[in-house]
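Residues per chain, in single letters:
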Amino acid sequence: MKDSMPVISWEELARHNTSESLYVVIEGKAYDVTHWIKDHPGGELVLKHMAGRDATDAFLAFHRPHVRAYLSKYFLGNMETSAKHAPSQATVRFRQLAQSLEKQGFYKTSYAYYLGFMAWLILLLSAAFYMAAYGCTLPAAVTVALFWQQVAFIGHDAGHHAITHQRHKDNVLGLVINAFVGIGLSWWNNTHNVHHTVPNSADCDADIQFMPLIANSPLYFNSLFSKYHDHELTFDETARRLISYQHLSFLPLLMIARYGLYLQSLKQVLGGRVYVHRWLELGAQLFFFAWYGLLVSLLPSVGDRVLFVLASHAAFSILHLQICLSHFTCHVYEGLPPENEWMATQLSGTMNWSCPTWLDWFHGGLQFQIEHHLFPRLPRHHLRKVSEMVRPLCQELGLRYHSPPFGAAIVELLSSLKTTAMRARDMGSKVAPL
């Protein structure tokens, strides 16, 4: 019976790399997922970036083991060989570690951890309302910004299904988080899974595409076409001038970045693909503006209210900074990463920063971005322990494991932005205006 199964060649697989005919390989078996694209819970682009390729490590990273059972309906046949090329030592050792973590129970969530975290969130929000009611404008603004940051960490966990490990339950949690942080679940899902699949790809990863204001790589000087936004990231004279000063404008831009997230979230829920019921997500978004508006109204004067809104959004920039630190100074490439090199790809495009254990709450797991990118379903409270396994493995394999102190990471980021800014400045008037 085994001999009668169809055998798919790698050449044949590579031809099916479009939305009209999309094949992927998982653990040496070929699957036709063409009709699954629109319904894929992780978004369409993730599958499109894997089209005609070996998606084994991406699939295992994003899905619990039981999901394999659902693959049979898409099965085409066995590949002519188990892999297109012999897996590298890094890939072999990564897969061994992934299996070991699963067997040792590292994917089990401590609900006591999250109950304690919920108590902390309630305290923060209550304190913000109390301060606002007594006219303490700036303390209230900083406190609600800290609340948003901490809630966003929970939303990140839920988005990766790293809390209950059940998609529908974690999506419900995601909606609740949406209602308190104001950042859309569907917008996040649409961008973030792509980011994990192609981290730091200049033309595929929307998380590093901020033209014409910011360019973290000279690759953007070539006016790349964004496969996420579906338009050209034009590098013209205006962009060159803006980028020439990005090391100075970067931090101020982070202070207003949250307003853009509102717009992107609303655009997604009103006209894009949603991953929960559209009206429920829209309701969550509107609930956010309702409670935040109530909080603002408690302040005694119009001046205090304007100051509160500006200050709370500016203070939230710490989360934007933490997110940018994880990737902006790392290797940037164009196109798709190499097949069967999940570990090498994540390590080249991601970095950590070191902090004492007692500050883990403030960084929300982002300080262990390497481990998170390698194992995105891993509950946050296990990341520090897993980092103690990943670091020596990277040293053994000769892979870069970058983890400077937090302050040094910020200096490194600003220095990197300045280097790119100076290259743009040196181009002078060579760039044609619009």
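For clarity, every value in this text was computed on a predicted model and none was experimentally measured.

## Re the environment of histidine 63
Structurally, histidine 63 can be placed in the loop between helix 3 (56-62) and strand 6 (75-79). Accessibility expressed as a relative area gives 24% for histidine 63, which makes it partly exposed. Spatially, the C-alpha atoms of histidine 63 and histidine 165 are 9.3 Å apart, while their sequence positions differ by 102 residues. In contact with histidine 63, not counting residues within four places along its chain, are His40 and Arg377. Within the structure, histidine 63 has its side chain in polar contact with the backbone oxygen of phenylalanine 59 (distance 2.7 Å).

## What to know about the packing of aromatic side chains
Note on aromatic pairs: each is described by the distance of the centres and the angle between the planes. Tallying each qualifying case throughout the model produces 28 aromatic pairs. The interplanar angle of 40 degrees and the centroid separation of 5.7 Å between the aromatic rings of tyrosine 262 and phenylalanine 288 together place this pair among those described as tilted. Within this pair, whereas tyrosine 262 is found in helix 11 (residues 257-271), its partner phenylalanine 288 is found in helix 12 (residues 278-297), the two being separated by 26 residues in sequence. By the burial criterion, tyrosine 262 is buried, and phenylalanine 288 matches it. Seen in terms of ring centroids, tryptophan 361 and phenylalanine 362 are 5.6 Å apart; in terms of plane orientation they differ by 70 degrees. Their pairing is edge-to-face. Grouped by ring-pair contacts, the aromatic residues Phe129, Phe147, Trp148, Phe180, Tyr262, Phe287, Phe288, Phe289, Trp291, Tyr292, Phe308 and Phe316 constitute a single cluster. It is arginine 258 that lies over the ring of phenylalanine 316; its NZ or CZ is 4.5 Å from the centre. The aromatic ring of phenylalanine 117 is capped on one face by arginine 380, whose charged end is 4.9 Å from the ring centroid.

Scoring rules and cut-offs
Residues numbered from 1 in each chain as written. Predicted model: local features only at pLDDT ≥ 70, side-chain atom pairs only at ≥ 80, totals over all residues. Heavy atoms only, no water. Helix = DSSP H or I, 4+ residues; strand = E, 2+ residues; numbered from the N terminus. Buried < 20%, exposed > 50% of the residue type's maximum accessible area, 1.4 Å probe, protein only. Contact = heavy atoms within 4.5 Å. Polar contact = N/O pair within 3.5 Å; in protein donor to acceptor, adjacent residues only side chain to side chain. Phe/Tyr/Trp six-rings, centres within 6.5 Å; stacked < 30°, edge-to-face > 60°. Lys NZ or Arg CZ within 6 Å of the ring centre and 35° of its normal.

Keep in mind these values describe shape, not function.
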